[in-house]
Structures are given as C-alpha cells and as structure tokens.
Amino acid sequence: MARRDRHADRPIPDHPYRDTALVYGVLAFVLIAVAALTGGDLARAVIVAAVFFAVATLWSWWRFRARIRAREAAVAGTGAERPDAGRENGRNGGGPRSNGTGGAR
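Below or above, wherever it landed, is the structure these notes cover.

### Here we look at the overall build of the protein
Right, on to step 1. Per the secondary structure count, the protein includes two helices and zero strands.
Right, on to step 2. When the 105 residues of the protein are sorted by exposure, 15% land in the buried category.
Right, on to step 3. For the protein, the share of sequence-separated contacts (at least 6 apart) that also reach a separation of at least 24 residues comes to 59%.
Right, on to step 4. Carbon and sulfur atoms make up 62% of the accessible area of the protein, which amounts to about 8300 Å² in all.

Below is the structure:
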C-alpha cells in the first residue's frame, strides 16, 4: 500500500517560502530569547538557533517544492487548468477588473 501525503489536499499558501522563513526565524529568535532570560549560554543558543533555522527552513522549502511539482505534474497530466486559476487576487490577470493580459480594462 502506497503512503499518501497527508498534506496533498491542503492549499499551498501564496508565499510559502517567505512565510516559512519568517515563522522559523521567529522561533529561532524565541529560542535565543529564552536562553537569555533564563541565564543560558548565549553563544550556544545562537548556534542551536541558526542550525534549527537552517534545517527547518530547508526541509520545509524542499517539501513545498515537492508538493508544487506534484501538483504541476498532476495538472499537466490531466490537461486541466492550474489549481490556482481563477483566484481573484489581482495577480497575473486573475482579478475581477482584468482583461486577462495583466492590465486593467
């Protein structure tokens, strides 16, 4: 039996790479702040926070890229439109006031 990706049906955020870096950056800062407030070794906390940030961010980026590629492959295989087509967020000509070329009517 094949393992099913439990995140396959979740939508991909608009800015997955930026959001991931921000979240893990804040968590790394919290780690350093806790070490400072509790009298821990700050040099060690900075090293641990940097390693945590790098590993967690790279892992998440790798997983997002795999999900994006899998969805692109699935869409290309079916001939359907892109999953995010029709979003009314104003980007790439998808907004309600767009003529489809990216410019306003």
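### Digging into the pattern of salt bridges
Right, on to step 1. Applying the stated criterion across every chain yields a total of one salt bridge.
Right, on to step 2. Across the salt bridge formed by aspartate 19 and arginine 18, the nearest N and O atoms sit 3.1 Å from each other.

### A word on helix α1 (residues 16–37)
Right, on to step 1. Taking 1.5 Å as the rise per residue, α1 with 22 residues should run 32 Å; its terminal C-alpha atoms sit 31 Å apart, in good agreement.
Right, on to step 2. Among the structural elements, α2 (42–78) are those in contact with the buried residues of α1.
Right, on to step 3. Phi turns positive one or two residues past the end of α1, at glycine 39, with a value near 80°.

### A look at the packing of α1 against α2
Packed helix pairs are characterised by how far apart their axes lie and by the angle those axes make with each other.
Right, on to step 1. Where α1 contacts α2, the two axes come as close as 9 Å, and the packing angle between them is 160°. One way to sum up the angle between α1 and α2 is to call them roughly antiparallel. Seen along the crossing, α1 lies across α2 with a hand that is right-handed.

### Things to note about the environment of threonine 38
Right, on to step 1. Among the structural elements, threonine 38 can be located in the loop between α1 and α2.
Right, on to step 2. A residue is classified by how much of its surface remains accessible, and threonine 38, at 63% relative accessible area, is exposed.
Right, on to step 3. Of note is the side chain of threonine 38, whose polar atom sits 2.8 Å from the backbone oxygen of valine 34.

### With respect to a nonpolar patch on the surface
Right, on to step 1. A contiguous nonpolar patch, built from Val23, Leu27, Phe52 and Phe53 and spanning about 310 Å² of accessible area, is present on the exposed surface.
Right, on to step 2. Listing elements by their share of the nonpolar patch, those giving two or more residues are α1 and α2.
Right, on to step 3. As for its position among the elements, phenylalanine 52 is in helix α2.
Right, on to step 4. Exposure remark for phenylalanine 52: the relative accessible area of 31% places this residue in the partly exposed category.

### Let's talk about the packing of aromatic side chains
Right, on to step 1. Within the structure shown, the criterion is met by three aromatic pairs.
Right, on to step 2. It is arginine 63 that lies over the ring of tryptophan 62; its NZ or CZ is 5.4 Å from the centre.

Rules used in this analysis
Residues numbered from 1 in each chain as written. Predicted model: local features only at pLDDT ≥ 70, side-chain atom pairs only at ≥ 80, totals over all residues. Heavy atoms only, no water. Helix = DSSP H or I, 4+ residues; strand = E, 2+ residues; numbered from the N terminus. Buried < 20%, exposed > 50% of the residue type's maximum accessible area, 1.4 Å probe, protein only. Contact = heavy atoms within 4.5 Å. Areas by Shrake-Rupley, 256 points an atom, 1.4 Å probe, with all protein chains shown as cover. Salt bridge = Lys/Arg side-chain N within 4 Å of Asp/Glu carboxyl O. Expected span 1.5 Å × (residues − 1). Axes fitted to C-alpha atoms, helices over the stretch in contact; angles between N-to-C directions. Parallel < 35°, antiparallel > 145°, perpendicular 65-115°, else oblique. Left-handed = near helix turned anticlockwise from the far one by under 90°. Polar contact = N/O pair within 3.5 Å; in protein donor to acceptor, adjacent residues only side chain to side chain. Patch = residues over 30% accessible without salt bridge, like charges linked within 9 Å, V, L, I, M, F, W, Y side chains within 5 Å. Phe/Tyr/Trp six-rings, centres within 6.5 Å; stacked < 30°, edge-to-face > 60°. Lys NZ or Arg CZ within 6 Å of the ring centre and 35° of its normal.

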